[in-house]
4 protein chains.
Amino acid sequence: MLGYTHFSGKRHMKNNIRTVALIGKPRDPLAAEHIVRLGEYLRTRGLAVAIEAGCAALVREGFAPAHTLAAIGQHVDLAVVIGGDGTLLNAARHLAPHDVPIVGINLGRLGFLVDIAPDAMLDEIGRILDGDRQIERRLLLAAEVMRKGKIVHSARALNDVVVGKGELARMIEFDTFIGGEFVNRTRGDGIVIASPTGSTAYALSASGPIMLPSVPALALVPICPHTLSDRPIVVPSTSTVEIVMTDAQQVAYVTFDGQSTFSLQGQDRIYVRRAEHEVELVHPSSRSHFEVLRIKLGWGESH
Amino acid sequence: MLGYTHFSGKRHMKNNIRTVALIGKPRDPLAAEHIVRLGEYLRTRGLAVAIEAGCAALVREGFAPAHTLAAIGQHVDLAVVIGGDGTLLNAARHLAPHDVPIVGINLGRLGFLVDIAPDAMLDEIGRILDGDRQIERRLLLAAEVMRKGKIVHSARALNDVVVGKGELARMIEFDTFIGGEFVNRTRGDGIVIASPTGSTAYALSASGPIMLPSVPALALVPICPHTLSDRPIVVPSTSTVEIVMTDAQQVAYVTFDGQSTFSLQGQDRIYVRRAEHEVELVHPSSRSHFEVLRIKLGWGESH
Amino acid sequence: MLGYTHFSGKRHMKNNIRTVALIGKPRDPLAAEHIVRLGEYLRTRGLAVAIEAGCAALVREGFAPAHTLAAIGQHVDLAVVIGGDGTLLNAARHLAPHDVPIVGINLGRLGFLVDIAPDAMLDEIGRILDGDRQIERRLLLAAEVMRKGKIVHSARALNDVVVGKGELARMIEFDTFIGGEFVNRTRGDGIVIASPTGSTAYALSASGPIMLPSVPALALVPICPHTLSDRPIVVPSTSTVEIVMTDAQQVAYVTFDGQSTFSLQGQDRIYVRRAEHEVELVHPSSRSHFEVLRIKLGWGESH
Amino acid sequence: MLGYTHFSGKRHMKNNIRTVALIGKPRDPLAAEHIVRLGEYLRTRGLAVAIEAGCAALVREGFAPAHTLAAIGQHVDLAVVIGGDGTLLNAARHLAPHDVPIVGINLGRLGFLVDIAPDAMLDEIGRILDGDRQIERRLLLAAEVMRKGKIVHSARALNDVVVGKGELARMIEFDTFIGGEFVNRTRGDGIVIASPTGSTAYALSASGPIMLPSVPALALVPICPHTLSDRPIVVPSTSTVEIVMTDAQQVAYVTFDGQSTFSLQGQDRIYVRRAEHEVELVHPSSRSHFEVLRIKLGWGESH
């Protein structure tokens, strides 16, 4: 039951799926081929198919109605992402408020999130539609940047919110608060605030711990901290994390899932907490999170 | 509210404390002095005082009735430990089944668990008795060693259960399972299974994350693993962790809170899970876990 | 004899010092005060005093002739830096070709390079002028950026040459060669190529080893590498290190001593090797490198 | 030229090899098969063959004269080790004083030291005998334990000298001196003093840097130190490292190459320095140290 968290009162994947959205990695011809093959398969099962507008140019016109992620959120029962973890991260942030479950097909290289190989795609999607599946809810992060008392930016992240330095290899300085309590002042390259999902991404490279998806916690992982005892801290997922930039002169940025960025100023306050919505991932019932870890981290090999 | 976890249905510290046990660091004359001073103070407040048998020889005969930790567990309303974190760890393992709350006085050096300075002792204990206090429940670990289908050893730990090599600097090998699922095979010096309380002890030296006491999780921290991608894993506190020794030849031991040890054989299986009971710590209401971290880890200093 | 390296055939500090340059931290009034005090003292010893042009505005006009670092290099026998390690790094890069020995006075906080406290300044400088001193030669790094077969940038660094990502928290990718041999391909935040002097600066925060100044080696320290087995590598100081950017799209920079930066393009090749010149540091004879480490890293404290 | 160090005045591998010793992993039938095959091949080349006494029982009586490692050191021109890195470490410590060059054949799994695959064995040994080879000199460590002014134990190590705790997961405490100068006091599981050769063994698991074999340095790598700023230190290979046990009560051991161990007492002083002799390794001329690193550390794989 590991990796499966039940939250009472939350909607789970519908039993009668009618419409499926296909979301491909933009500008990837390989994705195109799989989209077509999968779309045709789904139609043989009597399902309606939509395609995400950003990748619609990959397939012939008229293959399926093209919609934005926002529209997909409102109208489909299941989304299939064909791409890498990055493609799924982007889709998940948009679909979370609509409780659309997401399946991930990887384009050739196993991902932590896109865990179905293209070769096995039709079989696995078939079984998932037949009800043979695991459903997993992953917590999403919500972040706000406050400047002089006003919210100047807000964003969601499934993996991580990163406060980091600019291009010059020069430290930034900030204070960390958890639940309003002062933790410490850090000088360094920055800090990763990671969800359990993000704990195997950037946070891991910055020496953070691996957190199982079912751990209700966030990890605060300092990046190359000047103080050597500045170590990763795991806090309850109910915590509000607050990063306060100290110095008006420094060049710093906040980045969401490594995909969008916002430029910070001195005295800016970045708040990160668990978002109201979650991301619902659908996996083949045979999927093992530990097996993915073993493959991705090379644990299985004996040198 | 950080660091304070409420568990419904669990008993909290009584309001009418009548009997207090004093538990000193054995053979430490400094502890003796504080025991006497504290015992006299408690009597002026009309409370009955008991002393733990292991440190009774430190004070004059007849100072207070001496009891074992087991008897203390059954008869007292509050235990005051005067010593280091080690003294409190030992008392806590024994008192947990009896739900006796514990306060810690440190002998000169702030501990993570013994957080009241001797100078402030009478004032702080007075305030705590007056109801001005924080109560915190810390999860305890329960471990069992299975050999050929039988339990050959069982023990509790507040900080950590450590499976480690013997004196020769030669690796041991074991498999890890979480919730019955295979995680990986590790070769190295061993592994620390730490509670949040233990996350700032040995696990931290072995590169594990700091976990706030209120995070419902355990950390599995490999010690000097041969495979460099073998990294700390944080799992839900509801998990059963299973370590299986692979090789019949290796010399390995399991240690509880760094205080007691048991010799392992090949194919032994060590099970670690959250114990049924918890440890109830009492702190001054002004105590900040982050302040303790700042002092203990030297975060406050700017070199 | 640790920390002292004798290189036969190299010029050492002159015995008859006649002219001393004072180099202060720009725009720091505290530096001004010490410059004046020190300048007056040196004149009482019959020495000529010059002031570095960048900090000349701090003191009254006519206090001393102002010169650029280049001119100082050619005309003085000793340079005294009053500031932080950053001020000394900058001076050292400019003065190294001229073999001018450098003494460092710290402004309030001990540095790895500026190790004389202002309070003890006149005494210590006096003793150094009397011949009671340690002289230490530190290797300097020389870097060149090659683009389509041409050198497009070159710079020196006393601490480190850092190839790093831009402001977005997204990995860069590069290949490393040592002595022309391929080492590996790295994805991550970047890499620090550190001298022994720089091993206690950024490289240390990125998990590199401390190297004693007398070790004839460079350290290659990957910054948050994606591959967890990508670890710091120590190579002979005679090695040529070559970093080759792989991807034409990525945003990356090379930074020298954290003080100047140059924007990289895909396929750029960065060469780092030991510079022809070295930096000659002068310390009080009582100075202990290990004592500086103990203070700066908090080794002396027992929490 | 990396990985190749020339020391003037040192003897190199003879051009006219007449006698070759075969040293197999004791009690390994797989080694037996390769020993026989290799012995027969060497005789076809007109060479005399000897076998190490510890593995002589593996082959038929009369196959070749059996000698101790000491005798082998005095009488042969080349030693071929068939086993793992451990087999070669043991042979190297014994043969170093006799300047016998060593080639390593691995039994199935590439080692850092035994780098010829059994399949390629006859070809590679043939080429080496023909003069197509790399010769590399590796520094050896010499250690002495002083107790109350007397040497109570001495040993050599090619990889590392490790001072470590006993079986109980409880810290030991010791002071480190380099060149007679106090470095710091450490509490933890122990310390690895590693040669460049040993930097990819235990020291790497304890977070030490990889040092190329040609770096004239030693690494001091603390094992799970209590003080988080206690980091690996790289010192010149000419340094004398001294570890002084502080506490009379602690249980500690010193281990050499993970193969032999000696029990320490309080106030014992362990001296480690570069041995007078070196180990001469012979490799195929095509061997690349970086390729071995890539394979052993999984650098080549992209997950």
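Residues numbered from 1 in each chain as written. Chains lettered and ligands numbered in written order. Predicted model: local features only at pLDDT ≥ 70, side-chain atom pairs only at ≥ 80, totals over all residues. Heavy atoms only, no water.

**Student:** Could you clarify how one ought to interpret the packing of aromatic side chains in this entry?
**Tutor:** Both the distance between ring centres and the angle between the ring planes are used here to describe each pair of aromatic rings. Counted according to the given criterion, the structure contains 4 aromatic pairs over all chains. Stacked on the ring of Phe63(B), the Lys or Arg Arg43(B) has its end atom at 5.0 Å from the ring centre. (Phe/Tyr/Trp six-rings, centres within 6.5 Å; stacked < 30°, edge-to-face > 60°. Lys NZ or Arg CZ within 6 Å of the ring centre and 35° of its normal.)

**Student:** Looking at this model, I keep getting lost on the domain arrangement of chain A. Mind explaining?
**Tutor:** The figure often quoted for interface size is the accessible area lost as the parts come together. All names here are of chain A. The assigned domain composition of chain A is domain 1 (19–131) and domain 2 (140–276). Between domain 1 and domain 2, the C-alpha centre-to-centre distance is 31 Å. Listed by partner, the interface residues are 10 residues for domain 1 and 9 residues for domain 2. Roughly 780 Å² of surface becomes buried between domain 1 and domain 2 when both sides are summed, with 62% attributable to carbon and sulfur atoms. If you sort the residues of domain 1 by the area they bury against domain 2, Leu89, Arg93 and Phe112 come out on top, with a joint share of 67%. Scanning the region where domain 1 abuts domain 2 turns up 1 salt bridge. Residue Asp257 pairs with Arg93 through a salt bridge whose shortest N-O separation is 2.6 Å. (Domains from an automatic or database assignment. Contact = heavy atoms within 4.5 Å. Buried area = accessible area lost by both parts, 1.4 Å probe. Salt bridge = Lys/Arg side-chain N within 4 Å of Asp/Glu carboxyl O.)

**Student:** Sorry if this is basic, but what is going on with the pattern of salt bridges here?
**Tutor:** When the charged atoms of two side chains with opposite charge come close together, those side chains can pair. Counted according to the given criterion, the structure contains 52 salt bridges over all chains. Across the pair Asp115(C) and Arg287(C) runs a salt bridge whose closest N-O atoms are separated by 2.7 Å. Taken together, the residues Asp115(C) in the loop between strand S5 (102–106) and helix H4 (121–129) and Arg287(C) in the loop between strand S18 (269–284) and helix H6 (289–296) connect sequence positions 172 residues apart. Here Asp115(C) matches Arg287(C) in class, with each residue buried. Among the ionic contacts, a cluster of salt bridges with common partners joins Asp99(A), Arg137(A), Arg274(A), Glu278(A) and Glu280(A). (Helix = DSSP H or I, 4+ residues; strand = E, 2+ residues; numbered from the N terminus. Buried < 20%, exposed > 50% of the residue type's maximum accessible area, 1.4 Å probe, protein only.)

**Student:** What exactly am I supposed to notice about the environment of Val235(B) here?
**Tutor:** Along the chain, Val235(B) turns up in strand S14 (residues 233–236). Given a relative accessible area of 0%, Val235(B) falls into the buried group. Along the chain, Val235(B) and Ile223(B) lie 12 residues apart, while their C-alpha atoms are 17 Å from each other. Apart from residues no more than four positions distant in its own chain, Val235(B) is found in contact with Leu212(A), Val215(A), Ile178(B), Pro216(B), Ala217(B), Leu218(B) and Leu220(B).

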